[in-house]
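Listed below are the residues making up each chain.
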Number of protein chains: 2
Amino acid sequence: MTRVVADITMSVDGYITGPNDGPGAGLGERGECLHNWVMGGPWTYAGGHPFAPQEADREVLAQAVSSIGAGIIGRRMFDVTDGWGGNPPGGPDARYFVVTHSVPSKWANVESPFTFVTDGIHSALDQARAVAEGKDVGIGGGANVIQQFLAAGLVDELRLHVAPVLLGAGKRLFDHLGDRTIELERTRVVESPYATHLYFTVGK
Amino acid sequence: MTRVVADITMSVDGYITGPNDGPGAGLGERGECLHNWVMGGPWTYAGGHPFAPQEADREVLAQAVSSIGAGIIGRRMFDVTDGWGGNPPGGPDARYFVVTHSVPSKWANVESPFTFVTDGIHSALDQARAVAEGKDVGIGGGANVIQQFLAAGLVDELRLHVAPVLLGAGKRLFDHLGDRTIELERTRVVESPYATHLYFTVGK
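## Considerations on the relation of the copies chain B and chain A
In the superposition of chain B on chain A (RMSD 0.0 Å, axial shift 0.0 Å), the rotation amounts to 180 degrees. The operation mapping one copy onto its partner corresponds to a two-fold rotation axis. Considering only C-alpha atoms, the residue of chain B closest to the rotation axis is glycine 14 of chain B, which sits at 3.5 Å. Here 100% of the interface residues in chain B have copies in chain A that are interface residues too; the copies meet face to matching face.

This is how it looks when you write it as structure tokens:
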């Protein structure tokens, strides 16, 4: 059965980017350390780092890729990564639905893994389910689109990759959820030097 | 050697209380669930719940009590708990230093486990160390006093008891830390149904 899985990395103090993230600035100032677990150690956008994740982190990544049949991301994440240059995570057959107010002209008539959805998260979810072939739909971020899905009660599982750092500033994952309790059940913990991976089932 | 340990419970979205906490309102609206791990299940301030923590949680509590030789708390936490009626956690010999701007008149000339410190966190720490007899000094909260200790680089270990819930509102643990990175090293994870206990060494 297709589940909806929100999957994102945050600092211990709840930031998914450092300050001043954006197109050309990636994860923001001092934000690279969030993804040390993906890279296998400290890295920068200047490159030159080896891509060799720790065994535990590699398994977390591999399981995410194999279990997710379609992705949903927000327009800002799309712009910040510039569509990962057309090669998003998940391999050549990956399909992504980008929640946006308008289709970026650069991508309007190009064959790509991306479908631009201008009529909201429910539509994006319907379209993603339709191509997921029974696998999970992954909500990859950023914060805004995950908040929309959580507030709408549409998330079945929350996977938080908690990087061992306090950033002090940046973009918070949890904000604007509304003043009500969402109960979670922790189902799994995976530990590596660069992250504590916490898996939660989300109460409805 | 005496270490400085900040030890507090927060929700997955980083709140240490629900909204509108304060004297007479404890952990705030919907905030009781934060301490389900201490109580051994859902409880309310109305009472009537059994006090029977899960085995894993009991060990976490017992280890905290046995390792901490003196506590430091903020004035707000003191007021919210009303000094735990004079019987704070840690038993009859516990010593607490309350960081405050002024000594509460009700407690000014009363024998109690509390010493009121009006000249800041460094003074509170010096006084706590002096009576800790080589055990740890525990910073019990609330958010403001933990933020002050973290920002000053005085915390050796951060123990976060993460309750499996999104509260959506309340008092955030991490705020006002300043725009800089504090590196952490996760040293221990303890899992129970009511909390994920995360232990971090704090980089200097």
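## A closer look at the interface of chain B and chain A
Contacts between the two partners involve 32 residues from chain B and, on the opposite side, 32 residues from chain A. Carbon and sulfur atoms make up 55% of the area that chain B and chain A hide from each other, which totals about 2700 Å². It is Val12, Leu166 and Arg186 of chain B that lose the most area in chain B upon contact with chain A, and together they represent 22% of the buried surface on that side. At the junction of chain B and chain A, the tally comes to six salt bridges. Here aspartate 179 of chain B ties to arginine 30 of chain A by a salt bridge, and the two come within 2.3 Å at their closest N and O atoms. In this structure, the connection of chain B to chain A is made through 16 residue pairs in polar contact (both at pLDDT 80 or more). Breaking the side of chain B that touches chain A down by element, the ones donating at least two residues are strand E8 (165-166), strand E10 (182-192) and strand E11 (195-202) of chain B. With seven residues, E10 of chain B is the largest single contributor of residues to the side of chain B that touches chain A. Relative to E8 of chain B, strand E10 (residues 182-192) of chain A is paired through two bridges, and the arrangement is antiparallel. Within E8 of chain B, the residue paired with glutamate 183 of chain A across the bridge is valine 165 of chain B.

## A short note on the sheet that holds strand E6 (residues 136-141) of chain A
Strands sit in the order E5(A)-E4(A)-E3(A)-E6(A)-E1(A)-E7(A)-E11(A)-E10(A)-E8(B) across an open sheet of nine strands; the sheet is mixed. With partners counted over all chains shown, the strands left at the sheet margins are strand E5 (114-117) of chain A together with E8 of chain B, one partner each. Sheet analysis places strand E3 (residues 68-74) of chain A next to strand E4 (residues 96-99) of chain A, joined by four bridges and oriented parallel. Bridging from a neighbouring strand, glycine 74 of chain A pairs with valine 99 of chain A of E4 of chain A. Strand contacts of helix H2 (residues 55-67) of chain A: strand E1 (4-11), E3, E6, strand E7 (157-163), E10 and strand E11 (195-202) of chain A, with the helix running at about 130 degrees to E10 of chain A, the strand carrying the most contacts. Helix H5 (residues 143-151) of chain A rests against E1, E3, E4, E6, E10 and E11 of chain A together with E8 of chain B of the sheet, and its axis sits at about 130 degrees to E6 of chain A.

## Quick notes on the pairing of E4 of chain A
Residues and elements named next belong to chain A. Burial of the side chains of E4 extends over both faces: Tyr96 and Val98 are buried on one face and Phe97 and Val99 on the other. In this region the chain leaves E3, passes through helix H3 (residues 75-81) and returns to the parallel neighbour E4; the handedness of that crossover is right-handed. Bridge count between E4 and E5: four bridges; the pairing is parallel. In the sheet register, tyrosine 96 faces E5, and the bridge partner there is phenylalanine 114.

## Considerations on the pairing of E10 of chain B
In the case of a regular strand, side chains alternate between the two sheet surfaces. Residue and element names in this part refer to chain B. Direction of pairing for E10 relative to E11: antiparallel, over a ladder of eight bridges. Within E11, the residue paired with leucine 184 across the bridge is valine 202. In this structure, the hairpin formed by E10 and E11 is closed by a connection of two residues.

## Some remarks on the packing of aromatic side chains
Tallying each qualifying case throughout the model produces 14 aromatic pairs over all chains. Residues tyrosine 96 of chain B and phenylalanine 114 of chain B carry aromatic rings whose centres are separated by 5.8 Å and whose planes lie at 45 degrees to one another, so their mutual orientation is tilted. Here tyrosine 96 of chain B is found in strand E4 (residues 96-99), whereas its partner phenylalanine 114 of chain B is found in strand E5 (residues 114-117), with 18 residues between them in sequence. Pairing tryptophan 107 of chain B with phenylalanine 114 of chain B gives two aromatic rings, centres 5.6 Å apart and planes at 90 degrees, and the pair type is edge-to-face. Connected via pairs of aromatic rings, a cluster forms that spans Phe78, Trp84, Tyr96, Trp107, Phe114 and Phe116 of chain A.

## As for H5 of chain A
Along H5 of chain A, the residues that are buried comprise Ala143, Val145, Ile146, Gln147, Phe149 and Leu150 of chain A. At the C-terminal side of H5 of chain A, glycine 153 of chain A shows a positive phi close to 70 degrees.

## Topic: the pattern of salt bridges
For the structure on display, the rule yields 28 salt bridges over all chains. A salt bridge links arginine 159 of chain B to aspartate 7 of chain B; the nearest nitrogen and oxygen atoms lie 3.5 Å apart. Separated by 152 residues along the polypeptide, arginine 159 of chain B in strand E7 (residues 157-163) and aspartate 7 of chain B in strand E1 (residues 4-11) bring together distant segments of the chain. Here the two residues arginine 159 of chain B and aspartate 7 of chain B agree in accessibility, since each one is buried. The shortest N-O distance in the salt bridge between aspartate 21 of chain B and arginine 76 of chain B comes to 3.4 Å. Of this pair, aspartate 21 of chain B sits in the loop between strand E2 (15-17) and helix H1 (36-39) while arginine 76 of chain B is found in helix H3 (residues 75-81), placing the two residues 55 residues apart along the sequence. Of the residues examined, arginine 76 of chain B reaches a relative accessible area of 42% and is grouped as partly exposed. Taken together, the shared-partner salt bridges connect Arg3, Asp7, Asp136, Glu157 and Arg159 of chain A into one network.

Calculation rules
- Residues numbered from 1 in each chain as written.
- Chains lettered and ligands numbered in written order.
- Predicted model: local features only at pLDDT ≥ 70, side-chain atom pairs only at ≥ 80, totals over all residues.
- Heavy atoms only, no water.
- Least-squares fit on C-alpha atoms with pLDDT ≥ 70 in both.
- Contact = heavy atoms within 4.5 Å.
- Buried area = accessible area lost by both parts, 1.4 Å probe.
- Salt bridge = Lys/Arg side-chain N within 4 Å of Asp/Glu carboxyl O.
- Polar contact = N/O pair within 3.5 Å; in protein donor to acceptor, adjacent residues only side chain to side chain.
- Helix = DSSP H or I, 4+ residues; strand = E, 2+ residues; numbered from the N terminus.
- Pairing = 2+ DSSP bridges.
- Axes fitted to C-alpha atoms, helices over the stretch in contact; angles between N-to-C directions.
- Buried < 20%, exposed > 50% of the residue type's maximum accessible area, 1.4 Å probe, protein only.
- Right-handed = clockwise from strand over helix to strand, strands pointing away.
- Phe/Tyr/Trp six-rings, centres within 6.5 Å; stacked < 30°, edge-to-face > 60°.

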